[in-house]
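Chain residues, written in single-letter form:
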Amino acid sequence: MTTTTHRSALSERQMEDWLNEEVIGRGVPRRSFLRGAGVFILGFSMAGGARMADPTTTSADFPGIVDPSKLDSWLTIAEDGSVTLFHGKCDNGQGVATAFRQIVADELDVLFDRVTEVVADTALTVDQVGATGSSGMPRGTPPVRVACAEARLVLLELASKRFDVPLEHLTVRDGVISVHGDASKRVSYGELIGGQRFNVTLKWNGQVTNPGLEGRAKPKTSDQFRYIGQPIPRFDIPRVVFGQEHFVVDVRLPGMVHARSIKPPVAGAKLVSVDESSIRSLPGLVKVVVKGDYVGVVCEREEQAIKASEQLKVIWSEPSGPSFPTDSDGLADYMQQAPSRLDRVSQNVGNVDEALGRAARTVEATYYFPLQAHASFGAGCAVADWRNGEMTVWSGTQKPWRQRNGLTTFLGLPPEKVRVIWKPGPGSYGRNDAGDVAFEAALVAMDVGRPVRLQWMRYEGIAWDPKGPGALYRMRGGLDAAGNVIAYDWDNRSFDHQEVSSGEITPGDTLVGQFLKFGRTPGNSIGSAPTWYNYPNRRSTTHALYPLMEMGSPLRTAHFRWPTASTITFPHESFTDELAAAAGADPVQFRLRYMTDERQINVLKAVAEAAGWETRPSPKPGARASGSGVVTGRGIAFRTDAAAVAEVEVNLETGKVRVTRFVASFDPGLIVNPDGLKNVMEGCLLHGMSRALYEEVKFDRSKVTSVDWMTYPILPITDTPDRIDKVLINRPELPPQGAGEHLHPHPAPAISNAIFDATGVRIRRIPFTPERVLAALQAEHEH
């Protein structure tokens, strides 16, 4: 195990080197890699031509699925020796694609800049789901390592045959195999197999969405790595900085038209009539599309479609009563008494009621997490092309294969006739609006018979995207006379994290699907109490609440960046601090009492050491909630394999909370790219900070009123911390773990605990806005 600490700063020389990094990896189709080789492996056409023309990489048992057992499904080597990896893990900004290239370069013994990728195309790549649950590294890389190790062995065997020498007499460096002691005997990968198939079958575990492979060769051990573990800069960043990256909004097809969807003015309204004559005179109009309660306009140019959507006269029904049983201001009170569709006790260790009855001191608190929007930087966009009885969709979805499955049902097509090509979108982290626009684009494209680019407007992207669910937590704890926790009782009343599924696997998971009367099956994703503190008596009860509106709702709930963890960590880690304060104990030492896992203990100790943590109870001596000026405090939060400390300033006159410093520690197993990992850790913290301090969906009884950056503010760059220090705990003997979510839950409880440390006032409701903090300070002063 090695531990390294990093600060978030690049020297001018590092920045210059980074910006001058050669741009590589354009991601062209397979047949381009093999041009001149006399082998046509896969047909490809941006206009939707031939699809899966190669039976050697198509599964006979699963229609439309690239066969994971075929080595040729994973990689190709061109005549010039360059390597192209085909995999199904989307890179939504975490640097996964760069890490994959490092792995390929090491396992194949080729230069890093000779590796390119084709990513998450349902016609070209193996189904690895896409992006989900921080699984890019732990689930995405093992089959890639096996495939590359097997390819290296095959190439060595070809060279052994060519030179008539045993394998052990061969060595490989930078894609060239040579014979020990004979410099004249050397051959490149391109010369051995360039443009040809491997024709090798691997042992496959039979799982389509999480393929496991086994070959004759064994992947390398950590002492053999050359690129893995190195802070190689992300190859795509210069393209992003200089406007050269190809996002889903940049997809252009010959003959493409532009579409906009028209939403009802209030939730629950039904379509009555559409007056197409109201826009007939507008230039560029192609068609008005009406299907069920869905209305869309199609024009030759985007600005024409926007104007047509604003001018089209549509009559909607008036709902008979309020669309929602409450508004956002009353949501917490409503959730206290709201009916639940499922109640269960997910943990029950010991006897909580008996322990509470004999406790020397009990602590009770209620925490609230509001509905939040994904609020991607740009509204969702998709391009769909319907031709020759086949549908191709370019989408920013996290899960292309699930979206493809949903589209087959939606459009009434077999799987092999629907193709989803992933392109980077404006945001990710759960089920945002990317799925909705893809289904709308496909519906409109099939109707007009031309390629369609459909994009939502800003207000739609915030008001109508699936929301992170609200939750209400009732917490009770019991301490004995010595300050030890003897009872922990958790009661969670929450909306479902999968009211609509992550990945649009059914049409009813999308707005347009619901407008067209497709049904949906509600999930059962409600967060139970974490278990990393071994309290002797603990109970976790969960209540899944009915949706605020069943179908066609702008408040439908779905996955949002580490779906349950992002909400449950706030009450759990904040209440843990409350128990520590009641016991008069230091928050770090208090946690360590109840931890037994050595890796977790090391993570917590590492962050405390890096933060210069002073051992003492909270609140700090001299903490105050009244007067003038600024007070400071520190707070900590832990979850599974990561920990964070927040240092804050609280303005007693305005209530504004400013985070001045984060310190974070993380144990992800093998670190493939420390630079990428540091960036992901920072992104997690800043996103979590935004949700803690700023974000809450506002709505009245009929519609969402958060529609732009003024009514749904997010963290501005001026409020980012002065410092973010990272502690990376590398364990090269272990498999790599995901990082895209693992520090995201920490900011809310760490900031909450820091506010308490500074003021002695506990804030139990997110977001910690200046108004809310000031009201709590004033209430404490009056009390």
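Our subject in this report is the structure included herewith. Remember, predicted model here, so these are calculated numbers, not experimental data.

Parameters and conventions
Residues numbered from 1 in each chain as written. Predicted model: local features only at pLDDT ≥ 70, side-chain atom pairs only at ≥ 80, totals over all residues. Heavy atoms only, no water. 1 Å grid on protein atoms, 1.4 Å probe; cavity = no way out; pocket = protein on both sides within 12 Å on 5 of 7 lines; lining within 4 Å. Points joined across faces, edges and corners; volume = space filled by probe spheres on them. Helix = DSSP H or I, 4+ residues; strand = E, 2+ residues; numbered from the N terminus. Nonpolar A, V, L, I, M, F, W, Y, C, P; charged D, E, K, R; others polar. Pairing = 2+ DSSP bridges. Axes fitted to C-alpha atoms, helices over the stretch in contact; angles between N-to-C directions. Contact = heavy atoms within 4.5 Å. Phe/Tyr/Trp six-rings, centres within 6.5 Å; stacked < 30°, edge-to-face > 60°. Buried < 20%, exposed > 50% of the residue type's maximum accessible area, 1.4 Å probe, protein only. Lys NZ or Arg CZ within 6 Å of the ring centre and 35° of its normal.

Computed from the structure, the second largest pocket encloses a volume of approximately 580 Å³. Forming the walls of the second largest pocket are 43 residues, and the residues nearest its centre are Q94, V96, S134, A739 and G740. Taken together, the elements giving at least two residues each to the lining of the second largest pocket come down to α3 (96-108) and α17 (674-693). Take the lining of the second largest pocket: its biggest share by element is four residues, from α3. Within the lining of the second largest pocket, the residues separate by chemical class into 17 nonpolar, 21 polar and five charged.

Once that is clear, we can look at the sheet that holds strand β7 (residues 182-188). The three strands are arranged β5-β6-β7 in an open sheet whose pairing can be described as antiparallel. Because the sheet does not close on itself, it has two edges, and the strands there are β5 (170-173) and β7. Strand after strand, the sheet turns through a mean of 30° between neighbouring axes, direction not considered. Relative to strand β6 (residues 176-179), β5 is paired through four bridges, and the arrangement is antiparallel. Each bridged residue has a counterpart across the sheet, and for T171 the counterpart in β6 is S178. Along the sheet, helix α4 (residues 141-163) makes contact with β5, β6 and β7, crossing β5 at roughly 130°.

Quick look at the packing of aromatic side chains now. Within the structure shown, the criterion is met by 15 aromatic pairs. Between F410 and F518, the aromatic rings sit 5.6 Å apart at their centres with planes inclined by 50°, giving tilted as the arrangement. Placement of the pair is F410 in helix α10 (residues 400-411) and F518 in the loop between α13 (511-515) and β25 (538-545), with a sequence separation of 108 residues. A centroid spacing of 5.4 Å and a plane angle of 65° characterise the contact between F590 and Y594, whose relative ring orientation is edge-to-face. In this pair, the class of F590 matches that of Y594, namely buried. Three or more aromatic residues link up through ring pairs in this structure, and these residues are Y488, W532, Y533, Y535, F575, F590, Y594 and F638. The cationic tip of R101 hangs over the ring face of F235; the distance from NZ or CZ to the ring centre is 3.6 Å. A cation over an aromatic ring shows up here: R639 above the ring of W562, its NZ or CZ 4.8 Å from the ring centre.

This model, assessed by the stated rule, comprises nine cavities of 30 Å³ or more. In this model, the largest cavity occupies a volume close to 60 Å³. Lining the largest cavity, in full, are F369, S566, G688, R691, A692, H744, P745, P747, A748 and I766. Breaking the lining of the largest cavity down by element, the ones donating at least two residues are α17 and α18 (747-759). The biggest single contributor to the lining of the largest cavity is α17, with three residues.

Spatially, the seven strands line up as an open sheet ordered β12-β13-β10-β21-β18-β19-β20, and their pairing is mixed. In the strand order of this sheet, the two ends are held by β12 (285-291) and β20 (418-422), each with one partner. When strand polarity is set aside, the average angle formed by the axes of neighbouring strands in this sheet is 20°. Note: strand β10 (residues 257-262) against strand β13 (residues 294-299), five bridges, orientation antiparallel. When the bridges of β13 are listed, H258 appears paired with C299. In the packing of α10 onto the sheet, contacts are made with β19 (390-395) and β20, and the angle to β20 comes to roughly 145°.

Let us look at the pairing of strand β21 (residues 452-455). Side chains V452 and L454 of β21 all project onto a buried face; the interleaved residues R453 and Q455 project onto the opposite face, where all are buried too. Both β10 and β21 contribute to a ladder of three bridges, which runs parallel. Residue pairing in the sheet places V257 in a bridge with V452 of β21. Relative to β21, strand β18 (residues 381-387) is paired through four bridges, and the arrangement is antiparallel. Bridge assignment links A382 to a residue of β21, and that residue is L454.

It is worth spelling out unusual backbone geometry at this point. The amide bond that connects S618 to the next residue, P619, takes the cis arrangement and shows omega of 5°. With omega at 0°, the peptide bond leading from I766 into P767 counts as cis. Among the secondary structure elements, P767 is positioned in the loop between α18 and α19 (770-782). Phi at D174 takes a positive value of approximately 55°, unusual for a residue other than glycine. Of note in this structure, W562 is not a glycine but carries a positive phi near 55°. Residue W562 is classed as buried on the basis of its relative accessible area, which comes to 16%.

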